[in-house]
Amino acid sequence: MFPAGAQSATKNIPVKIMTRITALPNSTPVSGMLVSGKVIYLFGTTTTVNGTDAYLEAMDGLGAVRWTLPLDTGAAEIATGITRDTSGNIWVVGSAAQVIPSATPTPTPSTTPTPTPSATPTPIPTIVNPDGVVLDPDLPTRKDLTKIVAWKVSPSGTLLATYTLDVLHPVLVRGIAISSKGFAVVGMISTSTGNAGFLLQSDATGTFGKPLLIGKTDTVANAVLMKTDGSLIVVGSSGEKIGGKALIGQRDGIVASISATGKLVSLIRSSNVKSSRSWQSITNSLFLGGDAAVNSQTEAVVTKFASNFRATWTARFPALSRALTFDISSSSRLMTFSSTGAIKGVAGWKPTRSSVLTLIFDSKGALIGAFGASAMTTPISMGFSRDLGVVVLGSGALGVSIFHALPR
């Protein structure tokens, strides 16, 4: 059960103004960002005459583009998630459409080398389905996107592999987690009665297992964490009964524990009967971020969970966006959101309109830092590195831009 609010007492923290790294061209269709050292990786989806194409782009800490890599499966695709493995490779995930064979295929000369190896396993999916879901390819968004796709890219911008699985139903990927043994993706898939959350695991070679569905009519999986023992934590939201646990609020934030073999072990729901809740992000320390709406009032919410999933502290603030979360270290955590008013304990923060604010908490939930960027109204993505500090990608009246601040 989630506490209604347990934010620790705070001392008066002065807000520091973040510095703009770069303003992106208005035509840049960026979906998110990953920060690693002195490099910022941007990903998104461009519109072409043939549909949509995904891309990955690297820029330095001054905003100069190092390289841009198209991510193409031969059909329409979108990029919706990103992560990094321990070797520094970048993984971008998304959805793709079926490749339509050309009526008159043009043979490729055998003397032409293939510059980038690509592995595309296509096993027939068998879905683990504890809630009796009957799938139906009727999703109110991109009906053509039935493939789950993961692109593996080197730090220098070389496409190393492309892994796909056609699940035969419209699918939207929300997040990815990776380990030395493989990766897992989560998101939303169409069903005969609405949509279900899904979890799909793969080994390091792109051999996929059986998708696990969570819910059947009104559930979304937004983020996933892979634990060292092979088990997983999936967070999201649901407006239906799952695993025998009924809906408590108007919509509940959910935390699902999944075994290493891909079975639903337990499910925790938010407990406010009057609220609509959603978890959107999770860190390795079990620091969850999301949003809540009660009586037309919206809040950005973060909760720090213990290893036994007991909530240790919660912070919530009036906002027009969800909370993004990130671990700086074992004892400090980041929260970024669109703040709509003054915050107790944060000196000098009195926005006249919604503005992006990043807060740093210690291990007990006390505020120890605050960074504002009033030129941005809505955060898109957030990251951190020792070289660039806190980095926020967001949108505002003048378009999309990237700001940062060094918390020292």
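Residues numbered from 1 in each chain as written. Predicted model: local features only at pLDDT ≥ 70, side-chain atom pairs only at ≥ 80, totals over all residues. Heavy atoms only, no water.

Novice: Run through the pairing of strand β11 (residues 159–166), naming residues and quoting values.
Specialist: For a regular strand, side-chain orientation follows a simple rule: the groups alternate between the two sheet faces. Burial runs high along β11: seven of the eight residues are buried. Bridge count between strand β10 (residues 145–153) and β11: seven bridges; the pairing is antiparallel. When the bridges of β11 are listed, W151 appears paired with T162. Taking the residues between adjacent antiparallel strands as the criterion, β10 and β11 are bridged by five residues, where G157 takes a positive phi near 95 degrees. (Buried < 20%, exposed > 50% of the residue type's maximum accessible area, 1.4 Å probe, protein only. Helix = DSSP H or I, 4+ residues; strand = E, 2+ residues; numbered from the N terminus. Pairing = 2+ DSSP bridges.)

Novice: Explain the sheet that holds strand β20 (residues 275–282) to me, and be specific about the residues and the numbers.
Specialist: In spatial order, the strands read β20-β21-β22-β23; together these four strands make up an open sheet with antiparallel pairing. Strands at the two margins of the open sheet, each flanked by one partner only, are β20 and β23 (311–318). Going across the sheet, the axis of each strand differs from the next one's by a mean of 25 degrees, ignoring polarity. Where strand β22 (residues 297–305) and β23 come together, seven bridges link them in antiparallel fashion. Of the residues in β23, the one forming a bridge with F305 is A311. (Axes fitted to C-alpha atoms, helices over the stretch in contact; angles between N-to-C directions.)

Novice: Report on the sheet that holds strand β15 (residues 212–214), specifying residues and quantitative values.
Specialist: Read across the open sheet, the four strands follow the order β12-β13-β14-β15; overall the sheet is antiparallel. Looking at which strands have only one partner, the edges of the open sheet turn out to be β12 (171–179) and β15. Averaged over neighbouring strand pairs, the angle between their axes works out to 25 degrees when direction is ignored. Two elements, strand β14 (residues 194–203) and β15, share three bridges in a ladder whose sense is antiparallel. Bridging from a neighbouring strand, L199 pairs with L212 of β15.

Novice: Report on the side chain of S154, specifying residues and quantitative values.
Specialist: Structurally, S154 can be placed in the loop between β10 and β11. A residue is classified by how much of its surface remains accessible, and S154, at 9% relative accessible area, is buried. Side-chain polar atoms of S154 contact the side chain of S156, separated by 3.0 Å. Among residues more than four places away in sequence, those in contact with S154 are W67, N89 and L160. (Polar contact = N/O pair within 3.5 Å; in protein donor to acceptor, adjacent residues only side chain to side chain. Contact = heavy atoms within 4.5 Å.)

Novice: Residue-level account of unusual backbone geometry, with values.
Specialist: Although it is not a glycine, N295 sits at a positive phi angle of roughly 55 degrees. As for its position among the elements, N295 is in the loop between β21 (287–294) and β22. Here F309, not a glycine, exhibits a phi torsion of approximately 65 degrees, which is positive. Since its relative accessible area comes to 14%, F309 is described here as buried.

Novice: Describe the packing of aromatic side chains, and please don't skip the residues or the numbers.
Specialist: Under the defined criterion, the tally for this structure stands at eleven aromatic pairs. Here W91 and F183 contribute two aromatic rings whose centre-to-centre distance is 5.1 Å and whose plane-to-plane angle is 45 degrees, an arrangement assigned as tilted. Placement of the pair is W91 in strand β9 (residues 90–97) and F183 in strand β13 (residues 182–191), with a sequence separation of 92 residues. Seen in terms of ring centroids, W313 and F361 are 5.2 Å apart; in terms of plane orientation they differ by 40 degrees. Their pairing is tilted. Of the two residues, W313 sits in strand β23 while F361 sits in strand β27 (residues 355–362), which places them 48 residues apart along the sequence. For W313, a relative accessible area of 2% translates into the label buried. Put simply, the rings of W91, Y163, F183 and F208 pair up and form one aromatic cluster. A cation over a ring is seen here: R277 above W279, with NZ or CZ 5.0 Å from the ring centre. (Phe/Tyr/Trp six-rings, centres within 6.5 Å; stacked < 30°, edge-to-face > 60°. Lys NZ or Arg CZ within 6 Å of the ring centre and 35° of its normal.)

Novice: Mind laying out the pattern of salt bridges, listing which residues take part and the relevant values?
Specialist: Counted under the stated rule, the structure contains five salt bridges. A salt bridge links R251 to D218; the nearest nitrogen and oxygen atoms lie 2.9 Å apart. On the criterion of sequence distance, the pair formed by R251 in the loop between β17 (232–238) and β18 (252–258) and D218 in the loop between β15 and β16 (219–226) is long-range, its members being 33 residues apart. R251 sits in the buried class, given a relative accessible area of 18%. Ionic pairing is found between D327 and R333, a salt bridge with its closest N-O pair at 3.4 Å. R333 shares its class with D327; the two are buried. (Salt bridge = Lys/Arg side-chain N within 4 Å of Asp/Glu carboxyl O.)

Geometric values such as these leave the question of function open.
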